[in-house]
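# Breakdown of the fold
Residue strings, one per chain:
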Amino acid sequence: MTFSLDQVPQEFRGRCQELQSAYEFTSDCTKGANGYLVFAKNKQLNRKVAIKFYYWGDGNHVEPANLSKLEHESVLTVDHAEAIDKDYAFFVARYCEGGDLDAWLESHNHSLNGAMQAFEQIAAGVSYLHSKNYAHRDLKPSNIFVAHSGRFVLGDFGSVVALGLDGSAKSITKHSILYRPPEDFDQNLFTRQGDVYQLGLVMYQLLGGSLPYELSAWFSAADRKKHAALAGPDADIFANSVMQKWIQRGRILDFETLPFYVPTKLKTIIRRATRVNIAERYNTVADMLGGLNNAMQRTFDWVLEDGQWIARGRKCDCRCVEVGGSVVVEKCQTSGWRRDNRFNPADLRSAAQMIDEFLS
Ligand SMILES: Nc1ncnc2c1ncn2[C@@H]1O[C@H](COP(=O)(O)OP(=O)(O)O)[C@@H](O)[C@H]1O
Ligand SMILES: [Mg+2]
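Residues numbered from 1 in each chain as written. Chains lettered and ligands numbered in written order. Predicted model: local features only at pLDDT ≥ 70, side-chain atom pairs only at ≥ 80, totals over all residues.

### Considering the overall build of the chain
Defined as follows: Every helix listed is a DSSP run of H or I at least four residues long, and every strand listed is a run of E at least two residues long, numbered separately from the N terminus. Radius of gyration here is computed from C-alpha atoms only, and the compact-globule reference equals 2.2 Å multiplied by the residue count raised to the power 0.38. Think of it as a crowd count around each C-beta: if 20 or more other C-beta atoms lie within 10 Å the residue is buried, if 12 or fewer it is exposed, and in between it is partly exposed, with C-beta placed from the backbone throughout. Each residue gets a C-beta atom placed from its backbone, and two residues are in contact if those atoms lie within 7 Å.
Looking only at helices and strands, the chain features eleven helices and 16 strands. Computed over C-alpha atoms, the radius of gyration of the chain comes to 23 Å, within 12% of the 21 Å expected from 2.2 N^0.38 for 360 residues, which places it in the range of a compact globule. Based on the C-alpha atoms only, the size of the chain along its principal axes is roughly 75 × 50 × 45 Å. Relative to its full complement of 360 residues, the chain shows a buried share of 35%. Sequence-distant contacts, at least 24 apart, represent 59% of the contacts inside the chain between residues at least 6 apart.

And the structure:
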């Protein structure tokens, strides 16, 4: 695929032209709402980069000069950042070969510990941003990348804002509605706890919970009918209003879609992070991570092996299998997998709960 400067939005074209002396553009990405992104190769260093153009003219967005000062193993490395004019700025970041978290979530079945390690890395990045007095405001899988080192890093700083002395920033409503914290709709304010809320959603997705991206997936039959009768912006406004109701009622997570082995204590953490009432949420990312550390100390890993989820306990390995319509718990002994008749679970979830109590 050849890349032409004609593809570049007018307001960034001039700067792209100048950048061509140092970079060879390969492709662009138009899926995002808060900027314009091009992939390129740094000709001198022979290194792939991502160049992101973003709006910063409202005085709330992070200044380009400060972006390149961000330095943390869980934050995308910005090699250069610069203002184009009073409205737009751009930054040049390292290319992440591993793609984004959406791709990672689709690619394979991850062990429970693997998913929670990923979460800890992501949350560490958010905690760092907060320590610098910034809120990310657009935490979601497509804005989290897998760096060369294999580490998860926060990217897409197009929504990052500096927080005022009271810890809040005026909200600019460009980012994805699905991840918008409930309070953002009424008060138009964003705080660190908005990021905590989004981290809760990301943790839920990392554990395998379903969160449909298509707004139409949230429609009732009546909504579908109403939507079909509308066109253009009215249709979008209606779709957004449906989504807003789900979010403000605190109903967007369906814990039943989480895999059977996800322990209750992890669900409790997600619930607390995503409470509609900010006062009931974790106050800081560090508090959330503390809760997670506590829970994980008494949790063993669940891994997928030959199509079977196995609990890797210190005492032994266990699994739950469906035999003739009922679920049994098996333990791995020297002779192989053996059914343990002391356990009489009604279903997979209660089998996992019994294994949890047995191994913890
Ligand atoms: N540095 C990077 N390395 C690899 N992929 C990237 C990088 N930056 C962005 N991407 C990919 O491009 C997509 C869009 O980039 P992003 O910065 O999120 O901009 P926007 O959402 O405003 O389009 C991301 O979801 C990701 O898949
Ligand atoms: Mg993005």
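### Remarks on the sheet that holds strand β15 (residues 326-333)
Our working definition: Between any two strands, at least two bridges found by DSSP are needed for them to pair. Axis geometry follows a simple rule: fit a line to the C-alpha atoms, using only the stretch in contact for helices, then measure angles between N-to-C directions, giving values from 0 to 180 degrees.
A sheet is described by the order of its strands in space; here five strands give the open sequence β12-β13-β14-β15-β16, paired in antiparallel fashion. Of all the strands in the sheet, just β12 (301-305) and β16 (336-339) have a single pairing partner and so form its edges. Recorded for the sheet is a direction-independent mean angle of 35° between the axes of neighbouring strands. Contacts from helix α11 (residues 348-359) reach β13 (308-312), β14 (317-323) and β15 within the one sheet, and its direction differs from that of β14 by about 160°.

### Some details on the packing of helix α4 (residues 112-131) against helix α10 (residues 285-297)
Stated formally: In what follows, roughly perpendicular refers to angles from 65 to 115 degrees, roughly parallel to angles under 35, roughly antiparallel to angles over 145, and oblique to any angle outside these ranges. Handedness of a crossing is defined here by the sense of rotation of the near helix relative to the far one, left-handed for an anticlockwise turn of less than a right angle and right-handed for a clockwise turn. Polar here means any residue outside two lists: the nonpolar Ala, Val, Leu, Ile, Met, Phe, Trp, Tyr, Cys and Pro, and the charged Asp, Glu, Lys and Arg; Gly therefore counts as polar.
Contact pair α4 / α10: the axes reach a minimum separation of 9 Å and the direction vectors enclose 160°. Taken together, the axis directions place α4 and α10 in an arrangement best described as roughly antiparallel. Like other packed secondary-structure pairs, α4 and α10 cross with a definite hand, here left-handed. Counting all contacts with α4, which are made through Met 116, Glu 120, Ala 123, Val 126, Ser 127 and His 130, the residues of α10 involved are Val 285, Ala 286, Met 288, Leu 289, Leu 292 and Met 296. Of the residues that constitute the contact of α4 with α10, the class distribution is nine nonpolar, two polar and one charged.

### Focus on α10
This is how it is decided: Helix span is expected to be 1.5 Å times the residue number reduced by one. Directions drawn from the helix axis to the C-beta atoms are what define this arc.
When the terminal C-alpha atoms of α10 are compared, their 18 Å separation across 13 residues agrees well with the 18 Å that a helix rising 1.5 Å per residue should span. Where α10 is concerned, the buried positions are Val 285, Met 288, Leu 292 and Met 296. The buried residues of α10 occupy an angular sector of 70° when projected down its axis, which confines them to one face. Opposite its buried face, α10 presents the exposed residues Gly 290, Asn 293, Asn 294 and Gln 297, each directed more than 90 degrees away. Residues of α10 that are buried in the fold lie against α4, α6 (192-206) and α9 (264-273).

### Notes on the pairing of β15
Relative to β15, β14 runs antiparallel, the two sharing six bridges. Bridge pairing links Glu 322 to Val 327 in β15. The turn linking β14 back onto β15 is made up of two residues, and Gly 324 within it adopts a positive phi angle of 50°. Note: β15 against β16, four bridges, orientation antiparallel. The residue bridging Glu 330 from the neighbouring strand is Arg 339, located in β16. Taking the residues that link successive antiparallel strands as the turn, the β15-β16 hairpin has two residues.

### Some remarks on the domain arrangement of the chain
By convention, interface size is frequently given as the accessible area that disappears when the constituent parts associate. The cut-off we apply is this: These domain limits were set by an automatic method or by a database of domain assignments.
When the domains of the chain are assigned, the result is domain 1 (5-94), domain 2 (101-296) and domain 3 (301-359). Taking the mean C-alpha position of each, domain 1 and domain 3 sit 50 Å from one another.

### Examining the sheet that holds strand β3 (residues 47-55)
Taken together, five strands build an open sheet; the order of strands is β1-β2-β3-β5-β4 and the sheet is antiparallel. Edge positions in the open sheet fall to β1 (23-29) and β4 (78-83), since each of these has one partner strand only. Geometrically, the sheet is characterised by an average inter-axis angle of 20° between neighbouring strands, direction not taken into account. One ladder, built from five bridges, connects β4 with strand β5 (residues 88-94); its direction is antiparallel. Considered in β5, the bridge of His 80 is made with Val 92. Here helix α1 (residues 10-19) sits on the sheet and contacts β1, β2 (36-42), β3 and β5; the angle it forms with β5, its principal contact strand, is near 45°.

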